[in-house]
Amino acid sequence: MSLLQLKIPARSRKCLGCEKRFEDGDKVFSTVEGEEEAPQRKDYCSACFDESSLEELIWGHWYIIIRKEKILLTPDQRAMKLFKEEQKGPNSEYLLFIAQYLKRKKQLIQRPEIKKEELLFFEDPKTSEVYGIPKTQIHPDKLAGFKTLFLEQLEASE
């Protein structure tokens, strides 16, 4: 059999020994053994892998550290994430500032059809989730500070 035709199976998602799911930053030890026509790959966490118990039948072993691919979010996606985090915060003026930004960027749609005292409603058109935020007025003196804070938080979340 030509080595170019040899197909080693992909890494498992969990340890063969303890069945713990591999997470970001975990060291995963792999072995390959078996026949050339049907190689077998076995993956272990660092707690279950014992190099001294390796048999002569294996072709080799190695390890890799799992690194999850970092997902790059657009500024609007980061702003939406910030909006959801600020839902839990006490600053309703800042929350409204972010909501108005997302409304201008068409990431949120204001829903005036939903009427409830002291609340404004915004819908995420992608998920159809509706958010209620306290109806408030943003004092003009705070706008420059909110803008600076917002831009800093967007840059920090890159």
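Residues numbered from 1 in each chain as written. Predicted model: local features only at pLDDT ≥ 70, side-chain atom pairs only at ≥ 80, totals over all residues. Heavy atoms only, no water.

### Digging into the packing of helix H2 (residues 92-104) against helix H3 (residues 143-156)
Piece 1. Contact geometry for H2 and H3: axes closest at 11 Å, N-to-C directions at 70°. One finds that H2 runs roughly perpendicular with respect to H3. Relative to H3, H2 is oriented so that their crossing is right-handed. Counting all contacts with H2, which are made through Glu-93, Tyr-94, Phe-97, Ile-98 and Tyr-101, the residues of H3 involved are Leu-143, Phe-146, Lys-147, Leu-149, Phe-150 and Gln-153.
Piece 2. Grouping the constituent residues of the contact of H2 with H3 by class yields 8 nonpolar, 1 polar and 2 charged. (Axes fitted to C-alpha atoms, helices over the stretch in contact; angles between N-to-C directions. Helix = DSSP H or I, 4+ residues; strand = E, 2+ residues; numbered from the N terminus. Parallel < 35°, antiparallel > 145°, perpendicular 65-115°, else oblique. Left-handed = near helix turned anticlockwise from the far one by under 90°. Contact = heavy atoms within 4.5 Å. Nonpolar A, V, L, I, M, F, W, Y, C, P; charged D, E, K, R; others polar.)

### Some remarks on a positive patch on the surface
Piece 1. Residues Arg-13, Lys-14, Arg-21 and Lys-68 make up a contiguous surface patch of positive charge.
Piece 2. Tracing the backbone through its elements, the reader meets Lys-68 in the loop between strand S3 (58-65) and helix H1 (75-86).
Piece 3. Exposure remark for Lys-68: the relative accessible area of 55% places this residue in the exposed category. (Patch = residues over 30% accessible without salt bridge, like charges linked within 9 Å, V, L, I, M, F, W, Y side chains within 5 Å. Areas by Shrake-Rupley, 256 points an atom, 1.4 Å probe, with all protein chains shown as cover. Salt bridge = Lys/Arg side-chain N within 4 Å of Asp/Glu carboxyl O. Lys, Arg positive; Asp, Glu negative; His and termini not counted. Charge placed at Lys NZ, Arg CZ, Asp CG, Glu CD. Buried < 20%, exposed > 50% of the residue type's maximum accessible area, 1.4 Å probe, protein only.)

### Description of the state of the cysteines
Piece 1. A full pass over the atoms with the stated rule returns 0 disulfides.
Piece 2. With no disulfide of its own, Cys-15 lies 3.7 Å from the sulfur of Cys-48, the closest cysteine sulfur.
Piece 3. The class of Cys-15 is buried, set by a relative accessible area of 2%.
Piece 4. Not engaged in a disulfide, the cysteine Cys-18 finds its nearest cysteine sulfur in Cys-48; these two sulfurs lie 3.8 Å apart.
Piece 5. Judged by its relative accessible area of 41%, Cys-18 is partly exposed. (Disulfide = S-S within 2.5 Å.)

### Observations regarding the sheet that holds strand S2 (residues 38-45)
Two modes of strand pairing occur in sheets, parallel and antiparallel, and in both the strands are linked by backbone hydrogen bonds.
Piece 1. Pairing is antiparallel in the open sheet, where 3 strands are placed in the order S2-S1-S3. Each of the sheet's edge strands pairs with one partner strand only, and the pair in question is S2 and S3. Going across the sheet, the axis of each strand differs from the next one's by a mean of 20°, ignoring polarity.
Piece 2. Here 8 bridges tie strand S1 (residues 27-35) to S2, and the two strands are oriented antiparallel to one another. Considered in S2, the bridge of Glu-35 is made with Ala-38. (Pairing = 2+ DSSP bridges.)

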